[in-house]
Amino acid sequence: GAVVSQHPSWVICKSGTSVKIECRSLDFQATTMFWYRQFPKQSLMLMATSNEGSKATYEQGVEKDKFLINHASLTLSTLTVTSAHPEDSSFYICSARDSVQETQYFGPGTRLLVL
Amino acid sequence: GENVEQHPSTLSVQEGDSAVIKCTYSDSASNYFPWYKQELGKRPQLIIDIRSNVGEKKDQRIAVTLNKTAKHFSLHITETQPEDSAVYFCAASIYSGYALNFGKGTSLLVTP
């Protein structure tokens, strides 16, 4: 199956710093990628839809100025958590849509811990 | 927007028994219903999915049924094994390449 990678796989940072997470589709082009967040023992919640070459679409309650999304190429979307706080600690998972197969593939996730 | 309810939140069965997890959805525009298995700290893995033009789909020990009129769908696992222990999520979407709305998950424990 198709491969989606995320980097880093885990990150620990101090409160107030910014953290960038990358999501890459390795063997297909993805005009659309989705960013989900999963708190411990909870479900995956869609944060935003990332569209190549245009602005991301954010879900209600997700601050676009805090979670910056850049989808600059057909294989890469980045999520930057700006001025991170402990409550931002979570498991961030992207998925990339393969428009040829009309399906989506999840990345392995990035675990963020903000101290 | 779409609201997906999932029950039960936890399920414990003995090895060899069957497990059933049920989900309901609210948006009649949803046409794609995948089920994911997630092990601790890992990405969700698609185990089976069903589209609205099909009422039932089976893959070895796993089956999914869909009642589009009642807006509910279920996952059935037969002959459960300890390695089936994980958290299972149902989801609903307009189509397979669109954003997913997940249920809250069911923690399945299969005891030997």
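Everything discussed here concerns the structure shown above.
Described in the following lines is the structure provided in the data block. Bear in mind that the values here come from a model prediction, so they are computed numbers and not experimental data. (Residues numbered from 1 in each chain as written. Chains lettered and ligands numbered in written order. Predicted model: local features only at pLDDT ≥ 70, side-chain atom pairs only at ≥ 80, totals over all residues. Heavy atoms only, no water.)

## A few points about the overall build of chain B
Counting its secondary structure elements, chain B contains zero helices and 11 strands. Each helix and strand of chain B, ordered N terminal to C terminal, gives the series β-β-β-β-β-β-β-β-β-β-β. For a compact globule of 112 residues, the expected C-alpha radius of gyration is about 13 Å, and chain B comes in at 13 Å, within 12% of that figure. Principal-axis analysis of the C-alpha atoms gives chain B an extent of 40 × 30 × 20 Å. Residue pairs at least 24 apart in sequence account for 54% of intrachain contacts in chain B once pairs closer than 6 positions are excluded. Accessible surface, chain B: about 5,600 Å² in total, of which carbon and sulfur atoms supply 48%. Each charge class in chain B can be summarised by its mean position, and for the 11 positive and 12 negative side chains these summaries are 5 Å apart. (Helix = DSSP H or I, 4+ residues; strand = E, 2+ residues; numbered from the N terminus. Rg over C-alpha atoms; globule rule 2.2 N^0.38 Å. Contact = heavy atoms within 4.5 Å. Areas by Shrake-Rupley, 256 points an atom, 1.4 Å probe, with all protein chains shown as cover. Lys, Arg positive; Asp, Glu negative; His and termini not counted. Charge placed at Lys NZ, Arg CZ, Asp CG, Glu CD.)

## Some details on the state of the cysteines
Residue and element names in this part refer to chain B. In the structure shown here, the tally under the stated rule is two disulfides over all chains. Each sulfur of the disulfide joining C23 and C90 lies 1.9 Å from the other. Here the disulfide of C23 and C90 is left-handed, its torsion about the S-S bond being about -100°. You can see C23 sitting in strand β3 (residues 19-25) and its partner C90 sitting in strand β9 (residues 86-92), a full 67 residues away along the chain. (Disulfide = S-S within 2.5 Å.)

## Remarks on the interface of chain B and chain A
Across the boundary between the two partners, chain B contributes 17 residues, which contact 18 residues of chain A. Roughly 1,400 Å² of surface becomes buried between chain B and chain A when both sides are summed, with 52% attributable to carbon and sulfur atoms. Linking chain B to chain A there are zero salt bridges. Of the residues contributing to the side of chain B that touches chain A, the split by class is eight nonpolar, five polar and four charged. (Buried area = accessible area lost by both parts, 1.4 Å probe. Salt bridge = Lys/Arg side-chain N within 4 Å of Asp/Glu carboxyl O. Nonpolar A, V, L, I, M, F, W, Y, C, P; charged D, E, K, R; others polar.)

## Observations regarding the sheet that holds strand β1 (residues 4-7) of chain A
Paired through backbone hydrogen bonds, the strands of a sheet run either parallel or antiparallel to each other. All names here are of chain A. What the four strands build is an open sheet, ordered β1-β3-β8-β7; its pairing is antiparallel. The open sheet terminates on both sides in strands that have one partner only, identified here as β1 and β7 (67-73). For this sheet, the mean inter-axis angle between neighbouring strands, taken without regard to orientation, is 15°. (Pairing = 2+ DSSP bridges. Axes fitted to C-alpha atoms, helices over the stretch in contact; angles between N-to-C directions.)

## Focus on the sheet that holds β3 of chain B
All names here are of chain B. Spatially, five strands are ordered β1-β3-β8-β7-β6 in an open sheet, and the strand pairing comes out antiparallel. The open sheet has two free edges, formed respectively by β1 (4-7) and β6 (56-59), since each of these has just one partner strand. Recorded for the sheet is a direction-independent mean angle of 15° between the axes of neighbouring strands. Pairing between strand β7 (residues 62-67) and strand β8 (residues 72-77): six bridges, direction antiparallel.

## Remarks on the pairing of strand β5 (residues 45-51) of chain B
Residues and elements named next belong to chain B. One ladder, built from six bridges, connects strand β4 (residues 32-38) with β5; its direction is antiparallel. Bridge pairing in β5 places P34 opposite D49. Joining the antiparallel neighbours β4 and β5 is a turn of six residues, in which G41 adopts a positive phi near 80°.

## Section: the layout of surface pockets
Volume-wise, the largest pocket comes out at about 940 Å³. Forming the boundary of the largest pocket are 35 residues, of which M45, L46 and E59 of chain A together with E2 and N101 of chain B lie nearest the centre. In terms of residue class, the lining of the largest pocket is made up of 14 nonpolar, 14 polar and seven charged. Approximately 490 Å³ is the volume attributed to the second largest pocket. Considering the residues around the second largest pocket, the lining is formed by 21 residues, among which K41 and Q42 of chain A together with Q38, L40 and V87 of chain B are closest to the centre. Secondary structure elements with two or more residues in the lining of the second largest pocket: β9 and β11 (106-111) of chain B. The element best represented in the lining of the second largest pocket is β9 of chain B, accounting for three residues. Considering only residue class, the lining of the second largest pocket consists of seven nonpolar, nine polar and five charged. (1 Å grid on protein atoms, 1.4 Å probe; cavity = no way out; pocket = protein on both sides within 12 Å on 5 of 7 lines; lining within 4 Å. Points joined across faces, edges and corners; volume = space filled by probe spheres on them.)

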